[in-house]
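# Summary of the model geometry
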Amino acid sequence: MSKSKSSIAASKAAPKPFVVLIHGLHQKAWVMQPLARQLQSRGFNTHQHNYYSLRDSIDKHSASLNNWLLDNHDPSIPINMVGHSLGGLVIRDFISRFPQWKIGRCVTLGTPHNGSTTANYANKLLSPLVGNAYKQALDGQSAPLKKGICLGVIAGNSPYGLGQIVLNYHNQKSKFSPSQCEHDGTVYVFETQLAEATDHIILPVSHTGMLINKAVAEQTAYFLVHGMFNRSAINKPAD
């Protein structure tokens, strides 16, 4: 009996899995709150990391996260990471620069792993719109994904957002096939694909809409637990 009580006590004392959520360009940490709540309801502890997406370069974003972790996180607890858009590139840079941390699983949402066509146009026509987020990030020159990292990629194909004007123009200019034209209103589906990723799925969501989408939250949580997406739920009718 005493052994059973001891096991129960140990179970209760075990920390919840920890997730850092990282916002994208032109955003602040609060936009990740709906997703954070969804993950909390599924048993995760979360931290929404804030950074200055336009002002600072990507190495400074990584350094700010590292400094927060040094002050607040137990290094024995694995760090799961979820990044939206530019936030996914911050994840890659952080893991590369600070290999001492124990990384669990990672999910990126609408992240242009191969560079962003929308950002490229913005950088050429009105560079303040992307600021320091372009170099070594949205230009497609992010740090390679560290070997052994379990990464799940979620892309959207609902083409709604300001970026659709740029991408629709680019589709015509480049004479893309229908499959190449798929985008979430800001990022092409093919820009989200990364050969080193563990899994990749496409959901009918827009670039910003994915942050409040139930299916995205469910798939994110599923990947963080299982290391793969729940494909049986992708085509399941909504409740």
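Described in the following lines is the structure provided in the data block.

### Considering the pairing of strand E3 (residues 79–84)
In the case of a regular strand, side chains alternate between the two sheet surfaces. Within E3, six of the six residues are buried, leaving the element largely enclosed by the surrounding structure. Of the pairings in the sheet, the one linking strand E1 (residues 18–22) to E3 comprises five bridges and is parallel in character. Bridge pairing links Ile-22 to Gly-83 in E3. Here E3 pairs with strand E4 (residues 103–109) via five bridges, running parallel.

### Thoughts on helix H9 (residues 214–226)
Between the first and last C-alpha of H9 there are 18 Å, a value that for 13 residues agrees with the 18 Å anticipated at 1.5 Å per step. Listed in full, the buried residues belonging to H9 are Val-216, Ala-217, Gln-219, Thr-220, Ala-221, Phe-223 and Leu-224. Buried residues along H9 sit against E1, helix H2 (33–40), E3, E4, strand E5 (150–156) and strand E6 (199–203). Near the N-terminus of H9, the side chain that reaches the backbone nitrogen of Ala-215, with its oxygen 3.0 Å away, is that of Asn-213. Within two residues after H9, Gly-227 carries a phi angle of roughly 75°, on the positive side.

### Regarding unusual backbone geometry
A positive phi is found at His-26, a non-glycine position, where the angle reads about 65°. Residue Ser-85 is not a glycine yet carries a positive backbone phi of 55°. Its location among the elements puts Ser-85 in the loop between E3 and helix H4 (86–97).

### Some words on the environment of Tyr-51
Topologically, Tyr-51 is positioned in the loop between strand E2 (45–49) and helix H3 (58–72). Among the residues examined, Tyr-51 registers a relative accessible area of 2% and is labelled buried. With 73 residues separating them along the chain, Tyr-51 and Lys-124 place their C-alpha atoms 24 Å apart. Those residues in contact with Tyr-51 that lie beyond four places of it in its chain are Ile-22, His-23, Gly-24, Gln-27, Lys-28, His-61, Ser-64, Leu-86, Gly-87 and Val-90. Within the local environment of Tyr-51, its side chain forms a polar contact with the backbone oxygen of His-23, the two atoms lying 2.6 Å apart.

### Describing the packing of aromatic side chains
For the coordinates displayed, the defined rule picks out six aromatic pairs. Seen from their ring centres, Phe-176 and Phe-190 are 5.8 Å apart, and the 90° between their planes marks the pair as edge-to-face. On the criterion of sequence distance, the pair formed by Phe-176 in the loop between helix H7 (163–174) and helix H8 (189–192) and Phe-190 in helix H8 is long-range, its members being 14 residues apart. Classification of Phe-176 as partly exposed rests on a relative accessible area of 22%. Looking at Phe-190, the relative accessible area reads 33%, which means it is partly exposed. Consider the rings of Tyr-188 and Phe-190, whose centres lie 4.9 Å apart with planes at 20°: the pair is stacked.

### Overview of the packing of H2 against H9
At a closest axis distance of 10 Å, the pairing of H2 and H9 adopts a crossing angle of 50°. Here H2 lies oblique to H9, going by the angle between them. Judged by the twist between their axes, the crossing of H2 over H9 is right-handed. Contact with H2, carried on its side by Leu-35, Gln-38 and Leu-39, involves Ala-217, Thr-220, Ala-221 and Leu-224 of H9 and no other residues of that element. Here the residues of the contact of H2 with H9 are counted per class, giving five nonpolar, two polar and no charged.

Conventions and cut-offs
Residues numbered from 1 in each chain as written. Predicted model: local features only at pLDDT ≥ 70, side-chain atom pairs only at ≥ 80, totals over all residues. Heavy atoms only, no water. Buried < 20%, exposed > 50% of the residue type's maximum accessible area, 1.4 Å probe, protein only. Helix = DSSP H or I, 4+ residues; strand = E, 2+ residues; numbered from the N terminus. Pairing = 2+ DSSP bridges. Expected span 1.5 Å × (residues − 1). Contact = heavy atoms within 4.5 Å. Polar contact = N/O pair within 3.5 Å; in protein donor to acceptor, adjacent residues only side chain to side chain. Phe/Tyr/Trp six-rings, centres within 6.5 Å; stacked < 30°, edge-to-face > 60°. Axes fitted to C-alpha atoms, helices over the stretch in contact; angles between N-to-C directions. Parallel < 35°, antiparallel > 145°, perpendicular 65-115°, else oblique. Left-handed = near helix turned anticlockwise from the far one by under 90°. Nonpolar A, V, L, I, M, F, W, Y, C, P; charged D, E, K, R; others polar.

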